[in-house]
Amino acid sequence: MSRYLVGLVLSIFSYESLAATIESAQDYKCHITAAKGDKVVFYRWKVKDVNLNIASLPGKQLTASDGKKYFIKDVVECVSLSQEFTSDESKQLDKITLR
């Protein structure tokens, strides 16, 4: 009986740990300025690391659909995928961006 209880307790803890790991990641969209112009790019980050990830975007290298590489110059704004951008320019760019 005690083995059963120990197994049950361990399985509950491992499930909670797995659920916390899955829930901590969220999708984001960022309006960036790059050498090829302004774009909306999409990321999936852990919620606790969002500010660090946003701060590390300038200087990051991306690859265009034609295979050419370019760098992110600046981050205008990042929001959760389900939210709207606050600036009008970002909203307009988001409307024309394919998902």
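Residues numbered from 1 in each chain as written. Predicted model: local features only at pLDDT ≥ 70, side-chain atom pairs only at ≥ 80, totals over all residues. Heavy atoms only, no water.

## Side note on the pairing of strand 1 (residues 25–34)
The side chains of a regular strand alternate between both faces of the sheet.
And then number 1: Sheet topology places strand 1 next to strand 2 (residues 37–46); 10 bridges connect them, and they run antiparallel. Paired with Cys 30 across the strands is Val 41, a residue of strand 2.
And then number 2: Here strand 1 folds back onto strand 2 in antiparallel fashion, the turn holding 2 residues.
And then number 3: Relative to strand 4 (residues 69–80), strand 1 runs antiparallel, the two sharing 7 bridges. The partner of Ile 32 across the bridge, within strand 4, is Val 75. (Pairing = 2+ DSSP bridges. Helix = DSSP H or I, 4+ residues; strand = E, 2+ residues; numbered from the N terminus.)

## A word on the side chain of Asp 94
And then number 1: By the secondary structure assignment, Asp 94 is in helix 3 (residues 88–96).
And then number 2: Apart from residues lying up to four places away in sequence, Asp 94 is in contact with Lys 29, Val 40, Phe 85 and Arg 99. (Contact = heavy atoms within 4.5 Å.)

## Section: the state of the cysteines
And then number 1: With the rule as written, the count across this model stands at 1 disulfide.
And then number 2: For Cys 30, the disulfide goes to Cys 78, at an S-S distance of 1.9 Å. Its S-S torsion of about 115° marks the bond between Cys 30 and Cys 78 as right-handed, since a negative value means left-handed. In this pair, Cys 30 is assigned in strand 1 and Cys 78 in strand 4, connecting sequence segments 48 residues apart.
And then number 3: Note on Cys 30: relative accessible area 0%, which makes it buried.
And then number 4: Overall, the relative accessible area of 19% leaves Cys 78 in the buried class. (Disulfide = S-S within 2.5 Å. Buried < 20%, exposed > 50% of the residue type's maximum accessible area, 1.4 Å probe, protein only.)

## Description of the sheet that holds strand 2
And then number 1: Pairing in this open sheet of 4 strands is antiparallel, and the strands run 2-1-4-3 from one edge to the other. With partners counted over all chains shown, the strands left at the sheet margins are strand 2 and strand 3 (61–63), one partner each. Going from strand to strand, the sheet's axes swing by 50° on average, the running direction of each strand aside.
And then number 2: Summarising the sheet, strand 3 and strand 4 pair through 3 bridges and their orientation is antiparallel. When the bridges of strand 4 are listed, Leu 62 appears paired with Tyr 70.
And then number 3: Across the sheet, helix 3 touches strand 1, strand 2 and strand 4, and the angle it forms with strand 2 is around 85°. (Axes fitted to C-alpha atoms, helices over the stretch in contact; angles between N-to-C directions.)

So yeah, pure geometry; function would need other evidence.
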